[in-house]
Amino acid sequence: MSVATEVIRTAKRVDRFTYAIRNIVVEAKKVEQTGMTVRYLNIGDPNQFGFLTPPHLIEAVAKAMRDGHNGYTPSPGIASAREAAAADFVARGVNVDADRVLITSGTSEGIELALTGIVDEGEEVLVPSPTYPLYTAVLAKIGAQPVYYRTDHTRDWQPDLDHIRRLITPKTRALVVIDPNNPTGAIYPEAMRRALIDLSEEHGLVILADEVYGDLAYEGPVPAMAALDNDAAIISYSSLSKAYLAPGWRAGWMAVGSSPRLDPALAAIKKLADGRLCSPGPMQFAVTAALTGDRSHQVTFREQLRERAQLTTARMNAIPGMSCVAPRGAFYAMPKVDLPPGKTDVDFVLGLLRAKGILCVYGSGFGTAPEDGFFRIVFLAPPVQLGAIYDDVAAFTQEFLGH
Ligand SMILES: Cc1ncc(COP(=O)(O)O)c(C=O)c1O
């Protein structure tokens, strides 16, 4: 018979773990309970807005299941998927063979495996501000320290190299580069990418190159970062989630660059991967289908994203007290409201949610200062719906700023 009455205590690491994109949904549910409809612009999931997974990928998964591929796979992934991912990297100028590729449960697992395999407790990792928040969340979990480097909205959200240089300490282990970027939609020119690689090499860091939106730049795919310097310590990753419209499948890949300096990291990542057995098996067959098959859906998708990006930028910049840098890839924009003194980005976002039923994510959930007034919009909804949503954003902003 049980006699204890105390609640089960939770781990302190959870206090440091936040993921605003989903955490804020609790607030939206409260608003829905009042009878108001909420329009969700918080999660970057194209399928929720009517974009469809290419049929040949669905067929590859269905066939794999019918053919009996429903058991565990080798931990680094099935050979054909690793070979397809390696060949895709090679086609993009990255010299990597299949032995250095792992198939992961999305880019997310690649991020977690790389950070867990490389960074010790108390060590530091440079992450962009604003950043995709999984980096800071995983670092919190492993007891390491995220150190934000500035990306500058007055210069098209480009990284501030001097700031990065000043932040490097003997404890710094890695530099996260997200290009094209979530949440800003920025793309970095080759000179910037080279400068980031040079800086990283100069200080013996590893670059974590998050290329999940690599094929979704509106002007066409951006080159792989590792292609600029195959001798540099770069770990690259991507997935089927965004450019192949299958985020729920949890299918991604990572390549540990061919520099021998990364051999221990590759061994560590493989060792960790053994412990989680494998990523979803049938979906690995879709990786092969995606990377060796027809990608024409991306042409249409990029055009649709460009149109929505233009609409979003134009409408946000037309609101008095608001400005927005034009995204050049992916499906996010990061407008800025000139907040009155004492107000924060959370006040603005929660106000918008409660007054108009529109859910965005506050910039501070991505690492910007609360008083800077940034918030992120996911602009995957059809343009007509976006137009109506932006009418409401404009009306609310006018009220909020007292214009
Ligand atoms: C920059 C970035 N990296 C990684 C991820 C995670 O993607 P995946 O579904 O491949 O795990 C996302 C998802 O939004 C993202 O925006």
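See the structure above.
Residues numbered from 1 in each chain as written. Predicted model: local features only at pLDDT ≥ 70, side-chain atom pairs only at ≥ 80, totals over all residues. Heavy atoms only, no water.

1. Notes on the packing of aromatic side chains
Next up, step 1: Enumeration over the complete set of coordinates arrives at 10 aromatic pairs.
Next up, step 2: Between Phe331 and Tyr332, the aromatic rings sit 5.0 Å apart at their centres with planes inclined by 50 degrees, giving tilted as the arrangement.
Next up, step 3: We classify Phe331 as buried; its relative accessible area is 0%.
Next up, step 4: Between Phe396 and Phe400, the aromatic rings sit 5.6 Å apart at their centres with planes inclined by 40 degrees, giving tilted as the arrangement. With Phe396 and Phe400 both in helix α14 (residues 383–401), this residue pair falls 4 residues apart, about one helical turn. Across the pair, Phe400 and Phe396 agree in class, each one buried.
Next up, step 5: Every member of this aromatic cluster is reached through a ring pair, and the members are Phe51, Tyr213, Phe301, Phe331 and Tyr332.
Next up, step 6: The ring centre of Phe374 lies 5.0 Å from the NZ or CZ of Lys336, which sits over that ring. (Phe/Tyr/Trp six-rings, centres within 6.5 Å; stacked < 30°, edge-to-face > 60°. Buried < 20%, exposed > 50% of the residue type's maximum accessible area, 1.4 Å probe, protein only. Helix = DSSP H or I, 4+ residues; strand = E, 2+ residues; numbered from the N terminus. Lys NZ or Arg CZ within 6 Å of the ring centre and 35° of its normal.)

2. Some words on unusual backbone geometry
Next up, step 1: With an omega dihedral of -5 degrees, the bond running from Asp179 to Pro180 counts as a cis peptide bond.
Next up, step 2: Considering the arrangement of structural elements, one finds Pro180 in the loop between β6 (172–178) and α9 (190–202).
Next up, step 3: The omega torsion of the bond from Asn182 to Pro183 falls at 20 degrees, within 30 degrees of zero and hence cis.
Next up, step 4: Despite not being glycine, Leu245 has its phi angle at roughly 60 degrees, a positive value.
Next up, step 5: Relative to the helices and strands, Leu245 resides in the loop between β8 (234–239) and β9 (252–256).
Next up, step 6: In the Ramachandran plot, Ala330 falls in the positive-phi region, its phi being about 65 degrees despite a non-glycine side chain.
Next up, step 7: Tracing the sequence through the fold places Ala330 in the loop between β10 (322–323) and β11 (332–333).

3. Remarks on the site of the ligand
Next up, step 1: Near the ligand, the surroundings consist of 15 residues, among which Ser108, Asn182, Asp210, Tyr213 and Ser241 are the closest.
Next up, step 2: Contacts to the ligand include Asp210, whose side-chain N or O atom sits 2.7 Å from a nitrogen atom.
Next up, step 3: Here an oxygen atom of the ligand and a side-chain polar atom of Lys242 are 2.8 Å apart.
Next up, step 4: When the ligand sits alone it has 400 Å² of accessible area, and the protein chains cover 94% of it.
Next up, step 5: At a threshold of 2 Å from the grid points, most atoms of the ligand map onto the largest pocket.
Next up, step 6: Looking at the shell around the ligand element by element, the count peaks at 4 residues for helix α6 (residues 106–118).
Next up, step 7: Classifying every residue of the shell around the ligand gives 6 nonpolar, 6 polar and 3 charged. (Near = heavy atom within 4 Å. Polar contact = N/O pair within 3.5 Å; in protein donor to acceptor, adjacent residues only side chain to side chain. Areas by Shrake-Rupley, 256 points an atom, 1.4 Å probe, with all protein chains shown as cover. 1 Å grid on protein atoms, 1.4 Å probe; cavity = no way out; pocket = protein on both sides within 12 Å on 5 of 7 lines; lining within 4 Å. Sits in = over half its atoms within 2 Å of the grid points. Nonpolar A, V, L, I, M, F, W, Y, C, P; charged D, E, K, R; others polar.)

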